[in-house]
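The lines below spell out each chain.
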Amino acid sequence: MRPGLKPSLLTIALFAGLLTACSGGGGGGGTTVAPVPVPTPTPTPTPTPTQSQPTYTRGVFPAASSFKDQCEVPRVGVDIEGNPYTDVQGTLGDELFWLRSWTEETYLWNDEVTDQNPYNFSNPEAYFDVLRTTETTPSGEDKDDFHFYQSTEDYLAQRTAAPTSGYGARFAIYASAPPRDVRVVFTEPNSPASTPVSGEAPFQRGAQILQIDGVDVVNGGSQADVDVLNAGLFPATAGESHTFVVRDVGETARTVTVTSANIAPSPVNRTEIIDQGANKVGYILFNTFSPTTSEEAIRDAIQTMADGNVTDLVLDLRYNGGGLLAVASQLSYMVAGPTPTTGQTFELLQFNDDAGNRNPVTGQVNSPIPFYATGLGFSLPNGTPLPSLDLPRVFILSTGGTCSASEAVINGLRGVGIDVVLIGDITCGKPYGFYPTDNCGTTFYTIQFQGVNNVGFGDYADGFVPQDNSFAFGERLPGCTVSDDLSNPLGTAGENLLETALYYAENNACPPVPFSSSASTGVAPGSPETVFDRIPGQQLAIRTSPFTEARDILENSRDLTGVN
Amino acid sequence: MLKTGFAFMTALASLAACAHPVSGAPVPAILASEAELTPLMAELREMTGRANVELGADDPLATPVVTILPPPAGPFEGNNPALPTSYGLELRDGACVLVDQDGTMVRTLQGVTCAPYASKAG
């Protein structure tokens, strides 16, 4: 395990069903994960295929389309989005053969998958588990850490853009079993979490949650306690009031009552322009590329920077797990400006060798993603010119939760010669992507593409690494290793990552002695077990007993996208 | 997918600036009224085969463009290559139609009433 690798918020939701089912259990650690109990891939005797069953011939792959939606138990009616199911009566064999052919057609490393007889597997999920590469990265991590599935019902529920109930706070769990340590990571602007009550915001960065509705967060041990804690942390509906005892950094405990509301996370949480001698340094806390509103939000933030005549920019992507690559391209254009980006590639999606110049999933010609200089219609009208800062360098604040499209920004900018200075921790290392695909009620995630930049580079599966980090692998960038600092508000000069970036901007080097916070959070050194707000329909994070299996899974799963 | 939105809009604006409603000649168009949004959305649902269709930032009541958002991404789609899909809105022989970037007609919008787009340039 490389140092500083941090699981992020999706992981808890992804595994929560499994976690609650396995609390206290050991083992696990597989890289295939799902919010449903993982079936044991018990080989079964090869039956003689019936006449209606497909026939297995090693190395021969019928078109996946010939098996699609042919289900052992077809669904009827419509899904939660109102689309009619297209399932028809099929067999288990059809489902297994679809997985096999779909993997052969679309999996990025299809030539590293051992062709195994589908009839040796008793269910599609067990078979899917083995339809992946077993190669490793230079650091020894699994090359494919992102191979998983979930029920299509859950997938559809989670991808709805509707706001969900909550307070507008993101929490981190540093210890999920007694003695627990639950902290506030940040709050959404204009949310119940940040709207002052009696002159003070209910939740502030770094605050420890000590009690919820009378139950001791740190030591509450019964299942009834856990239920109360989870119900309070994650209100099921808007309008619920819950009482918390919180202890802000360096302060005594206080009691707050907070009422939940339907919250849509803000892509841009805050912006600042910091006077640094004669220079102005811009700061943008950008937390997600996922919602379509991120296009307008980041345009507005960059416009604020342009209006403020900033000469350096600090992009805080420490909690940004990615989202829309097109918005990542737009952001990169706005940082670098037209001169280095016009006519250049932001990112090319590379598919398996058999795909040629086609995207094997969509069937379309695989054209590079350019640096978009205009609005694309997400939340800005088509053709709206984007502002640009025309900067030769940018500072990126990072943690292990800096993932996917956030890393694409780093890689895309480096590809056109922009200096990227990394301040914080090693990024998650996910140059890969997939098109989640349903078959017969299960949505499968298999890696189908790798993004490479204008100079063809995309091998950062071990993450982008600040130059001074002791980790021997990954792609090194200029910059400084700094632990996330919960003791100061984000976007303030006293916050360790930002302060280090400001020092580097002036001195072109890391501080000789790392900055340390004036107030101690009391948080034990190291990464939180999980960071989360909420994914609809998922179970929660607080448990009654140590979570060995969860930890293993979290550490083996680096698909650390943001949660919205 | 429309990847050159600005050029597309420029082309549409140019068309509008030069538009003379000659019989049979395509004319950039907008929806005749807000009430046309309902049949437009029904047409888009049928065209895409999706029960849920959301329009993007372009307002077909004000500009001759219809933009359809991609389906929302799930929380694990950190590298999501989705793009909106944009079409030009035109009047052709009195019918309201969607055209792609090359001007090829994609669909006649049944039951949707359009009006000629009056460009500021025109």
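Figured I'd write up the structure that's included with this text. All values derive from a computational prediction rather than experimental measurement.

## As for the overall build of chain A
Stage number 1. Secondary structure summary: chain A contains eleven helices and 27 strands in total.
Stage number 2. Scored against the burial criterion, the 564 residues of chain A give a buried share of 60%.
Stage number 3. Taking the intrachain contacts of chain A between residues at least 6 apart in sequence as the baseline, contacts between residues at least 24 apart amount to 72%.
Stage number 4. Put simply, chain A shows about 20,000 Å² of open surface, and 50% of that area lies on carbon and sulfur atoms.

## So, the side chain of A:Thr91
Stage number 1. In this fold, A:Thr91 is placed in the loop between strand 2 (88-89) and helix 2 (92-106).
Stage number 2. Residues in contact with A:Thr91, not counting those within four places in the same chain, are A:Ser52, A:Gln53, A:Pro54, A:Gln70, A:Cys71 and A:Glu72.

## Description of the interface of chain B and chain A
Stage number 1. Contacts between chain B and chain A engage 31 residues on the former and 45 residues on the latter.
Stage number 2. Between chain B and chain A, a total of about 2,900 Å² is buried, with carbon and sulfur atoms accounting for 57% of that surface.
Stage number 3. At the junction of chain B with chain A, the criterion picks out zero salt bridges.
Stage number 4. Linking chain B with chain A are 13 residue pairs in polar contact (both at pLDDT 80 or more).
Stage number 5. Mapped by element, the contributors of at least two residues to the side of chain B that touches chain A are helix 1 (5-18), strand 2 (65-68) and strand 3 (79-80) of chain B.
Stage number 6. Per element, the largest residue contribution to the side of chain B that touches chain A is three residues, and it comes from helix 1 of chain B.
Stage number 7. Its residues placed into classes, the side of chain B that touches chain A shows 17 nonpolar, ten polar and four charged.
Stage number 8. Summarising the sheet, strand 15 (residues 323-324) of chain A and strand 3 of chain B pair through two bridges and their orientation is parallel. Paired with A:Leu324 across the bridge in strand 3 of chain B is B:Asn80.

## Describing the nonpolar core
Across soluble globular proteins, nonpolar side chains show a tendency to be buried alongside one another.
All names here are of chain A.
Stage number 1. Grouped together as the largest cluster of nonpolar side chains are 55 residues, with contacts concentrated most on Ile284, Phe286, Ile298, Leu313, Leu315 and Leu331.
Stage number 2. Examining the composition of this core, we find that nine residues originate from one element, helix 7 (residues 325-336), more than from any other.
Stage number 3. Once residues within four sequence positions are removed from consideration, Leu315 is found in contact with Ile284, Leu331, Val335, Val394, Phe395, Ile396 and Leu397.
Stage number 4. Phe67, Leu96, Val113 and Tyr127 belong to the second-largest nonpolar core, a separate cluster that totals 31 residues.

## Looking at helix 5 (residues 223-233) of chain A
Residue and element names in this part refer to chain A.
Stage number 1. Buried residues of helix 5: Val226, Leu229, Asn230, Gly232 and Leu233, and no others. For helix 5, the angular spread of buried residues about the axis comes to 165°, placing them on one side.
Stage number 2. Its buried side turned inward, helix 5 meets strand 5 (169-175), strand 7 (208-212), strand 8 (215-216) and strand 9 (241-247).

## Some words on the pattern of salt bridges
Residues and elements named next belong to chain A.
Stage number 1. This structure, assessed with the given rule, holds 22 salt bridges over all chains.
Stage number 2. Across the salt bridge formed by Asp438 and Arg75, the nearest N and O atoms sit 2.9 Å from each other. With a gap of 363 residues between them, Asp438 in strand 21 (residues 437-439) and Arg75 in the loop between strand 1 (70-71) and strand 2 connect regions that are remote in the sequence. An identical accessibility class is assigned to Asp438 and Arg75; each is buried.
Stage number 3. Among the ionic contacts, a cluster of salt bridges with common partners joins Arg205, Asp316, Arg318, Asp484 and Glu495.

Parameters at a glance
- Residues numbered from 1 in each chain as written.
- Chains lettered and ligands numbered in written order.
- Predicted model: local features only at pLDDT ≥ 70, side-chain atom pairs only at ≥ 80, totals over all residues.
- Heavy atoms only, no water.
- Helix = DSSP H or I, 4+ residues; strand = E, 2+ residues; numbered from the N terminus.
- Buried < 20%, exposed > 50% of the residue type's maximum accessible area, 1.4 Å probe, protein only.
- Contact = heavy atoms within 4.5 Å.
- Areas by Shrake-Rupley, 256 points an atom, 1.4 Å probe, with all protein chains shown as cover.
- Buried area = accessible area lost by both parts, 1.4 Å probe.
- Salt bridge = Lys/Arg side-chain N within 4 Å of Asp/Glu carboxyl O.
- Polar contact = N/O pair within 3.5 Å; in protein donor to acceptor, adjacent residues only side chain to side chain.
- Nonpolar A, V, L, I, M, F, W, Y, C, P; charged D, E, K, R; others polar.
- Pairing = 2+ DSSP bridges.
- Core = buried A, V, L, I, M, F, W, Y, C linked by side-chain atoms within 4.5 Å.
- Arc of directions from axis to C-beta.

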